[in-house]
Amino acid sequence: MTNRLSSGAAPDRVELPAGAAPDDSRFVNADLLPVPLERRDWTTYNFAALWVGMAHNIPSWLLASGLVALGMDWKQAVFTIALANLIVLGPMLLTGHAGPKYGIPFPVLARASFGLRGANLPALIRAAVACAWFGIQTWIGGVGIFTLLGKIFGGWANAGEIGGQPWTLWLCFILFWALELAIIYRGMDTLRRFENWAAPFVIVGALALLVWVAVKAGGFGPLLDQPSKLGWGKEFWPVFFPSLMGMIAFWATLSLNIPDFTRFGAGQRAQIRGQSLGLPTTMTLFALLSVLVTSGSQAVYGEAIWDPVQLVARTDNVFGLLYALVTVLVATISVNIAANVVSPAYDLANLAPKLINFRTGALVTGVVGVVIMPWKLTETPELYIFTWLGLVGGLLGTVAGILIADYWIVRRTVLDLADLYRPGGRYWYTNGWNWRAVVAFAVGGVLAVGGSHSEPGKGPFPADGLIPFLKPLADYGWAVGLASSLVLYVVLTGRESVTPGSSTAPAAR
């Protein structure tokens, strides 16, 4: 069965003919099938708003503080964050291309390179990372709500403890968790509408915080004049490169599953412009905003308060506290649902389409996000940036390299839609697995994270690295994983090619 171009549609918008997908519940359900052309209607604004909504959140705000805590000055921190997001935008646009063209989500795109069954390998890795991120974001949001409500009503912090934390904190965490799942349970259209109004709301909240602290400070404090503890010499670069990889890893998750969103795009121009306008600019400006606000807090309170929730809690203005509370709710829900629930919902549906749909996958994500105890992952900057983000970045970069190599170099963006759902088709390979992708992933993954190391007492890895001779590569994990897996996959696959514009992809060998 060949793909069909809808009458009057542009060549980059391919639709699956009615009845072309096999009736095989092992690989097909309504959430995994291509989005029909009439429902691919997300515009540039929708994608830009999606990124604005996702980027404006407490962990993004705290990225600069984590880098400053490692010895950078504010200029070095903002530069590192800006460069990282420009770099990660590249694979984001490359993997996102398949969304508007074919209307397929990430796990279905992965079938082209890993095989119909093999696609569960990258999908479950992405799902596991998303579940952890969901838990982290939900915990941080719950703490923010707890802090602000405690300031408004008083006495919350003195409540009886359960598991070393006040029971009121656990209550905020659980209620916030339930609210997030209730929104995503209503589906992707609800998410789009939420992101459209959440983005400007959060921007106004962040700017209001800047104006408030600037007025109280009468200008900005000495933080902007604070010199770097690292300089720009030999002490800077050993911190810069792993930090850069960590900042890339912050959105490396989305560089894989961005087709989950671009599949609703009205065309390539919408997703390219929307993402280019939304991601690097927003993250850079948000980092700069966090530095300016923190600088003002140093002038007002005599100390740098990097956490916006803790800063707002210093005021006695009830209206300001309530507005901040709503802003924290909107900002955290915005990023957490879009970045950390949508992907595992599709990924888990891909694992067992007959048993798991999008909504069921979202509920599973919520449960796993609590079980992994996210409060442990954010205890120190070293653990958060070097261990968690570095390890995640290396593995996700490896998967991204394979996806990009297969879709752009091997297949030249030409896929057979029906065969992405059909056992025994061109993407069946060997019993549903493409050994070339598995080998490329294994080798790239070892090179990327095999040298992972921690300072004594500051992480789970040995000081000399898991594999000592790979230790020098650990600081460049995401780049090493992406480049090595991309090259190895192309070498193993050979020089298969298709004629641009044809309706078939290279058959499995």
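Going by the structure above, here's the rest.
The rules behind each value
- Residues numbered from 1 in each chain as written.
- Predicted model: local features only at pLDDT ≥ 70, side-chain atom pairs only at ≥ 80, totals over all residues.
- Heavy atoms only, no water.
- Helix = DSSP H or I, 4+ residues; strand = E, 2+ residues; numbered from the N terminus.
- Buried < 20%, exposed > 50% of the residue type's maximum accessible area, 1.4 Å probe, protein only.
- Contact = heavy atoms within 4.5 Å.
- 1 Å grid on protein atoms, 1.4 Å probe; cavity = no way out; pocket = protein on both sides within 12 Å on 5 of 7 lines; lining within 4 Å.
- Points joined across faces, edges and corners; volume = space filled by probe spheres on them.
- Nonpolar A, V, L, I, M, F, W, Y, C, P; charged D, E, K, R; others polar.
- Patch = residues over 30% accessible without salt bridge, like charges linked within 9 Å, V, L, I, M, F, W, Y side chains within 5 Å.
- Areas by Shrake-Rupley, 256 points an atom, 1.4 Å probe, with all protein chains shown as cover.
- Salt bridge = Lys/Arg side-chain N within 4 Å of Asp/Glu carboxyl O.
- Polar contact = N/O pair within 3.5 Å; in protein donor to acceptor, adjacent residues only side chain to side chain.
- Axes fitted to C-alpha atoms, helices over the stretch in contact; angles between N-to-C directions.
- Parallel < 35°, antiparallel > 145°, perpendicular 65-115°, else oblique.
- Left-handed = near helix turned anticlockwise from the far one by under 90°.
- Phe/Tyr/Trp six-rings, centres within 6.5 Å; stacked < 30°, edge-to-face > 60°.

A. Examining the overall build of the protein more closely. On a plain count of helices and strands, the protein comes out with 19 helices and 4 strands. When the 509 residues of the protein are sorted by exposure, 59% land in the buried category. Of the contacts made within the protein by residues no fewer than 6 positions apart, 81% connect residues no fewer than 24 positions apart.

B. Quick peek at empty space enclosed by the protein. Per the counting criterion, the structure on display carries 4 cavities of 30 Å³ or more. By volume, the largest cavity amounts to about 70 Å³. Secondary-structure elements contributing two or more residues to the lining of the largest cavity are helix H6 (120-153), helix H9 (237-257) and helix H13 (318-340). A breakdown of the residues in the lining of the largest cavity according to their chemical character gives 5 nonpolar, 4 polar and no charged.

C. Fine view of a nonpolar patch on the surface. Taken together, the side chains of Ile162, Trp167, Leu171 and Leu175 present a nonpolar region at the surface, about 400 Å² in accessible area. Considering every element that reaches the nonpolar patch, the biggest residue donor is helix H7 (residues 167-184), with 3 residues.

D. The environment of Leu311, seen in detail. Turning to its location among the elements, Leu311 is positioned in helix H12 (residues 308-312). Looking at Leu311, the relative accessible area reads 0%, which means it is buried. Sequence-wise, Leu311 and Leu209 are 102 residues apart; in three dimensions their C-alpha atoms are separated by 9.2 Å. Discounting residues that sit within four places of it in the chain, Leu311 has contacts with Leu209, Trp212, Val293, Ser297, Tyr301 and Ile305.

E. Quick look at the side chain of Ser452. Counting through the fold element by element, Ser452 comes out in the loop between helix H17 (435-449) and helix H18 (471-474). Residue Ser452 is classed as buried on the basis of its relative accessible area, which comes to 9%. Of note is the side chain of Ser452, whose polar atom sits 2.7 Å from the backbone oxygen of Val449. Ignoring any residue separated from it by four or fewer positions in sequence, one finds Ser452 in contact with Leu391, Phe461, Pro462, Gly465, Leu466 and Ala474.

F. Just the packing of H17 against helix H19 (residues 477-493), in detail. Interhelical geometry of H17 versus H19 gives an angle of 150° and a closest axis separation of 8 Å. When the interaxial angle is binned, H17 and H19 end up roughly antiparallel. In this structure, the crossing between H17 and H19 has a hand that is right-handed. Note on element contacts: H19 touches H17 through Gly477, Val480, Gly481, Ser484, Ser485, Leu488, Tyr489, Leu492 and Thr493, opposite Trp435, Arg436, Ala437, Val439, Ala440, Val443, Gly444, Leu447 and Ala448. Class assignment of the residues belonging to the contact of H17 with H19 gives a composition of 11 nonpolar, 6 polar and 1 charged.

G. Region of interest: the packing of aromatic side chains. Under the counting rule described, the total for this entry stands at 17 aromatic pairs. Taken together, a centroid distance of 5.9 Å and an interplanar angle of 85° make the contact between Phe27 and Trp428 edge-to-face. A residue pair is termed long-range when its members are at least 10 positions apart, and Phe27 in the loop between strand E2 (14-15) and helix H1 (44-55) and Trp428 in the loop between helix H16 (381-410) and H17 qualify at 401 residues. Across the pair, exposure class does not vary: Phe27 and Trp428 are buried alike. On the basis of an interplanar angle of 15° and a centroid distance of 6.1 Å, the ring pair of Phe79 and Phe240 is categorised as stacked. In this pair, Phe79 sits in helix H3 (residues 74-96) while Phe240 sits in helix H9, placing the two residues 161 residues apart along the sequence.

H. Expanded view of the side chain of Asn257. For Asn257, the position within the fold is in helix H9. In this structure Asn257 comes out as buried when scored by relative accessible area, which is 0%. The residues contacting Asn257, other than those within four sequence positions of it, are Phe106, Arg126 and Ser343.

I. Inspection of the pattern of salt bridges at higher detail. Applying the stated criterion across every chain, the model contains 5 salt bridges. Its salt-bridge partner being Arg426, residue Asp419 comes within 3.3 Å of it at the nearest N-O pair. With relative accessibility at 8%, the residue Asp419 sits in the buried group. Salt bridges here are not isolated pairs; linked through shared partners, they connect Asp416, Asp419, Arg422 and Arg426.

J. Here's a closer look at the packing of H6 against helix H15 (residues 358-371). Following both chains from N to C, one finds H6 and H15 inclined at 65°, their axes separated by 8 Å at the closest point. The angle between H6 and H15 falls in the class roughly perpendicular. Relative to H15, the crossing made by H6 is right-handed. Contact residues: H6 offers Cys131, Phe134 and Gly135, while H15 offers Thr365, Gly366, Val368 and Gly369. Taken together, the residues that form the contact of H6 with H15 break down as 3 nonpolar, 4 polar and no charged.

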